[in-house]
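The chain contents come next:
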Amino acid sequence: MTADAAVVVENAEKWFGLNPALANVSLRVHPGEFVALLGRNGAGKSTLLRVVARLVKPNRGRVRIWGVDVARDPERGRERIGLVAHQTYLYPGLTARENLRLHARLHRLEGAGERVAAALTEAGLNLSADRPVRGFSRGMQQRLAIARATLHGPELVLLDEPFTGLDLEAAELLSERLRQWAAAGRTIVMATHNLEQGLEGVTRWVLLDRGRIVTEWTGDSTAVRSRYRQFLKGAPPGAQGRRT
Amino acid sequence: MKFWSQTAAILMKDLLTEYRTKDVLTSMLLFGLLVILMFNFAFEPDSEEIRKFGPGLLWMTFIFAGLLGMNRSFAAETENDTLEGLMLSPVKWSSIYLGKMLANLLFLLLAQAIILCLFSILFNYGIWPRIGWMAAITFLGTLGFASVGTLLAAVAANTRMSEVMLPVLMVPLVLPVILSVVLATAANFAQPPEEPVMFFWMQRLAAYDIIFVILPLMTFDYVLEK
Amino acid sequence: MKGLQKHLGLVALLAMMAALYAIFVLAPVELTMGVVQKIFYFHVSSAWVGFLAIYLVCFCSLRFLRNRDRQWDIRAAAAAEVGAVFLTLNLVSGPIWAKPVWGIWWTWDARLTTTFVLWLIYMGYLMLRRLVDSPEQRARLSAVVSIFGAVNALVVYMANRWWRTQHPQPVIAGGEDSGLHPDMLLALLVTVLAFTLLFFCLWKMGCDLERTRDSVESLRRTAQRHLREVR
């Protein structure tokens, strides 16, 4: 019954002592959906993504990716995931090609050489493919980071505040990629608090506050934008009575 | 098969990085030379004293140089958060551990070989007739040292003062290894060599190695988790 | 059981007084060492508690890694703190006793070395806890280190025994275990019991203290959030 969903999070909880990071979060993402996770810093967006990728072990609850329980078989879950974060995950001492090759070997990709070459061309890094990443500009590094995260053709792309620290050019490229992925039917879950960029294809908006899913919206970004602003300005649920 | 090819990928990555920069080996060797230099001026040893203190001194050098080198292994992964990148790939996390442990083991053995040669030349210390056994002892000792060290380097990399934290955690925990390896080395280089004593301590070393390789493999996932 | 927990402090106090009586009144003065031998009872008891504690730390840490309950982390941390204090007592009382009896403060005998190494492991564990910023990570990392520490305490002890059996024993002969006077043995057992009770009492207090710290921190956060919202 759940095999048709791309991601199923059931009652996930993560806490330590009296500090809840996620409180009873359930989320179901269908294949081809583009879900945006909204919320303040520390609302639990990043933790939720990391629970899905099984970097964080939840205290309670289950996560399945196309029916695979990630607690039982995290490697098979991660095979289908690509995570784009604001960190680049690149080794500065290795060249662009070597970085991609390492990723290909860890994913045990067939025809790694051609795939790496194709990814380098697509990222526009052909000329600098054999230079160490340390000398790359911020924009080049970001392009390479995106190429790296999606080299293995993940069906599920997770993005964690991907626009943080990007220059204009790199941000445009990322938006373009997001459109392509959405059009290609990939499942996308993006945590963001930036309401200006990369939101064209979003099909569903999930609002988190203090580790809980507060509400969900569907619809296009202009309407959501104003509602989200209102949420940010207004007191969070439960504290309204105290405002004068 | 999958596990080993991924482990090899991580090992090769570390070797390639080191081949480019040579940071770890250079710092370990320079440190080793400094210790030899200080030893010479602090004690002005004659050949009898060299024979007596040589094994202990060698291992002190190996251990402190090794601590210096192993500290880098996870500290180097913090730039751009590359460790999380590794954790996100479909590998068993223990293969990350094993790849890095083998890289550390190779760096340490290489540095030790060079330091041993220098020591032998500078102090006219006759190691060559017994070099085969010395290699075996060094391998056993360094295996235990590197396997605990790699795990603790991952622990220390998450603290505010990793350079201090690693030795403080490490030295008491690998003390059995240090003790056995020094005594085995001393028996090996004694005049005449005391082989039964040497074998006794080599057996102990092998036993510690089993404990100290299994324990990190069992606990490493807990260290990485976010 | 519940009553014992509640009045643990009182019980420990009574046991401590019984121990003092047994040591200074009941047990005879040792012939060759004289009155300084009385340290022996405190010395052995604190060593026992110090070694007991590292295994309790390890046990709590294993439980923590299984169920990620902060309570087990608190228990591990408190046990380590109290255990370290007792082991320090042991290391301090040892030389005070050794100097008049053996003529030296310290010797690298198997037991002394093991205790010293265990003390260093405690210090490493406690230092690690101070130097990790995220509470969750602190709990996990220190749990792993405590497992190594507990296994190691055993291994170091064995290693030292082999090491010392390779050589003739230095200054210390036979040891005090040979032919202990029955009253002395009784005094020792009572003291060990009293120290163990004292340990559990302090352990419980340490846990309570840490729990209080947690709730203060949580209250502080709530207060801050409300303040922000009111503004």
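Computed from a prediction, not measured in an experiment: that's the story for all the values here. (Residues numbered from 1 in each chain as written. Chains lettered and ligands numbered in written order. Predicted model: local features only at pLDDT ≥ 70, side-chain atom pairs only at ≥ 80, totals over all residues. Heavy atoms only, no water.)

### Remarks on the pattern of salt bridges
Residues and elements named next belong to chain C.
Thinking step 1. Within this structure, the stated rule accounts for 37 salt bridges over all chains.
Thinking step 2. A salt bridge links Glu 210 to Arg 213, with the shortest nitrogen-to-oxygen separation between them at 2.7 Å. Taken as a pair, Glu 210 and Arg 213 lie in helix 7 (residues 182-230) at a separation of 3 residues, close to a single helical turn. (Salt bridge = Lys/Arg side-chain N within 4 Å of Asp/Glu carboxyl O. Helix = DSSP H or I, 4+ residues; strand = E, 2+ residues; numbered from the N terminus.)

### Some thoughts on the interface of chain A and chain C
Thinking step 1. Each partner contributes to the interface: chain A provides 13 residues, whereas chain C provides 16 residues.
Thinking step 2. Across the chain A-chain C interface, the total number found is 1 salt bridge.
Thinking step 3. For the interface between chain A and chain C, the tally reads 2 residue pairs in polar contact (both at pLDDT 80 or more).
Thinking step 4. Here the element with the most residues in the side of chain A that touches chain C is strand 1 (residues 7-16) of chain A; it accounts for 3 residues. (Contact = heavy atoms within 4.5 Å. Polar contact = N/O pair within 3.5 Å; in protein donor to acceptor, adjacent residues only side chain to side chain.)

### A word on the sheet that holds strand 5 (residues 68-69) of chain A
Residues and elements named next belong to chain A.
Thinking step 1. Spatially, 4 strands are ordered 2-1-4-5 in an open sheet, and the strand pairing comes out antiparallel. Every interior strand has two partners, whereas the edge strands, strand 2 (19-29) and strand 5, have only one.
Thinking step 2. Docked against the sheet, helix 1 (residues 45-52) engages strand 1, strand 2 and strand 4 (60-65), running at close to 60° with respect to strand 2. (Pairing = 2+ DSSP bridges. Axes fitted to C-alpha atoms, helices over the stretch in contact; angles between N-to-C directions.)

### A look at helix 1 of chain A
Each α-helix winds once per 3.6 residues, and so residues spaced three or four apart point in a common direction.
Residues and elements named next belong to chain A.
Thinking step 1. Most of helix 1 is tucked away, with 6 of its 8 residues classed as buried.
Thinking step 2. Of all the positions in helix 1, only Lys 45, Leu 48, Leu 49, Arg 50, Val 51 and Val 52 are classed as buried.
Thinking step 3. Residue Arg 54 follows helix 1 closely and has a positive phi angle near 60°. (Buried < 20%, exposed > 50% of the residue type's maximum accessible area, 1.4 Å probe, protein only.)

### Description of the domain arrangement of chain A
Residue and element names in this part refer to chain A.
Thinking step 1. The domains assigned to chain A are domain 1 (1-80 + 155-236) and domain 2 (90-153).
Thinking step 2. When each unit is reduced to the centre of its C-alpha atoms, the spacing between domain 1 and domain 2 is 25 Å.
Thinking step 3. Of the roughly 970 Å² buried between domain 1 and domain 2 on both sides combined, carbon and sulfur atoms contribute 58%.
Thinking step 4. At the boundary of domain 1 and domain 2, one finds 1 salt bridge.
Thinking step 5. Counting across the domain 1 and domain 2 interface gives 1 residue pair in polar contact (both at pLDDT 80 or more).
Thinking step 6. Mapped by element, the contributors of at least two residues to the side of domain 1 that touches domain 2 are helix 2 (74-79) and helix 6 (168-183).
Thinking step 7. At 7 residues, the largest contribution of residues to the side of domain 1 that touches domain 2 is made by helix 6. (Domains from an automatic or database assignment. Buried area = accessible area lost by both parts, 1.4 Å probe.)

### Notes on the packing of aromatic side chains
Residues and elements named next belong to chain B.
Thinking step 1. For the coordinates displayed, the defined rule picks out 25 aromatic pairs over all chains.
Thinking step 2. A centroid spacing of 5.4 Å and a plane angle of 80° characterise the contact between Phe 119 and Tyr 125, whose relative ring orientation is edge-to-face.
Thinking step 3. Since its relative accessible area comes to 3%, Tyr 125 is described here as buried.
Thinking step 4. In textbook terms, an aromatic cluster arises when at least three aromatic residues are bridged by ring pairs, as seen for Phe 39, Phe 43, Phe 119, Phe 123, Tyr 125 and Phe 189. (Phe/Tyr/Trp six-rings, centres within 6.5 Å; stacked < 30°, edge-to-face > 60°.)

### As for the pairing of strand 4 of chain A
Residue and element names in this part refer to chain A.
Thinking step 1. Relative to strand 4, strand 1 runs antiparallel, the two being bridged by 5 bridges. Paired with Val 8 across the two strands is Arg 64, which belongs to strand 4.
Thinking step 2. Strand direction decides the pairing type here: strand 4 and strand 5, joined by 2 bridges, are antiparallel. Considered in strand 5, the bridge of Arg 64 is made with Asp 69.
Thinking step 3. The antiparallel pairing of strand 4 with strand 5 creates a hairpin that spans 2 residues between the two strands, and Trp 66 there sits at a positive phi of about 45°.

### Some thoughts on the pairing of strand 1 of chain A
Residues and elements named next belong to chain A.
Thinking step 1. Where burial is concerned, most of strand 1 is hidden: 7 out of the 10 residues are buried.
Thinking step 2. Two elements, strand 1 and strand 2, share 7 bridges in a ladder whose sense is antiparallel. Paired with Ala 12 across the bridge in strand 2 is Val 25.
Thinking step 3. Linking strand 1 to strand 2, which pair antiparallel, is a turn of 2 residues; within it Gly 17 sits at a positive phi near 60°.

### Here's the deal with the interface of chain C and chain B
Thinking step 1. With 31 residues of chain C in contact, the opposing surface of chain B contributes 33 residues.
Thinking step 2. The three residues of chain C that bury the most area against chain B are C:Leu131, C:Phe148 and C:Trp162, which together make up 23% of that side's buried surface.
Thinking step 3. Applying the counting rule to chain C against chain B returns 3 salt bridges.
Thinking step 4. Taken together, the connections running from chain C to chain B amount to 10 residue pairs in polar contact (both at pLDDT 80 or more).
Thinking step 5. For the side of chain C that touches chain B, the secondary-structure elements that each account for two or more residues are helix 5 (110-131) and helix 6 (135-165) of chain C.
Thinking step 6. Counting residues per element, the side of chain C that touches chain B draws most heavily on helix 6 of chain C, which supplies 17 residues.
Thinking step 7. For the side of chain C that touches chain B, a count of residues per class yields 20 nonpolar, 6 polar and 5 charged. (Nonpolar A, V, L, I, M, F, W, Y, C, P; charged D, E, K, R; others polar.)

### Overview of the sheet that holds strand 7 (residues 156-160) of chain A
All names here are of chain A.
Thinking step 1. Spatially, the 6 strands line up as an open sheet ordered 6-7-8-3-9-10, and their pairing is mixed. On the outer flanks of this sheet lie strand 6 (81-85) and strand 10 (212-218), each paired with one strand and no other. Geometrically, the sheet is characterised by an average inter-axis angle of 20° between neighbouring strands, direction not taken into account.
Thinking step 2. Judged from the 5 bridges that link them, strand 6 and strand 7 form a sheet pairing that is parallel.

### Concerning the side chain of B:Glu18
Residues and elements named next belong to chain B.
Thinking step 1. Within the secondary structure, Glu 18 sits in helix 1 (residues 2-21).
Thinking step 2. Put simply, Glu 18 is tucked away with no salt bridge, and the nearest opposite charge, on Arg 72, sits 7.2 Å away.
Thinking step 3. Polar side-chain contacts of Glu 18 include one of 3.0 Å to the backbone nitrogen of Leu 25.
Thinking step 4. For Glu 18, the residues in contact, after removing those within four places along its chain, are Asp 23, Val 24, Leu 25 and Phe 107. (Lys, Arg positive; Asp, Glu negative; His and termini not counted.)

### Considering a nonpolar patch on the surface
Residue and element names in this part refer to chain C.
Thinking step 1. Together, Leu 20, Tyr 21, Phe 24, Val 25, Leu 26 and Leu 186 line one region of the surface with nonpolar side chains, adding up to about 570 Å² of accessible area.
Thinking step 2. Ranked by the residues each element gives to the nonpolar patch, the list is headed by helix 2 (residues 8-26), at 5 residues.
Thinking step 3. Relative to the helices and strands, Leu 186 resides in helix 7.
Thinking step 4. A relative accessible area of 42% means that Leu 186 is categorised as partly exposed. (Patch = residues over 30% accessible without salt bridge, like charges linked within 9 Å, V, L, I, M, F, W, Y side chains within 5 Å. Areas by Shrake-Rupley, 256 points an atom, 1.4 Å probe, with all protein chains shown as cover.)

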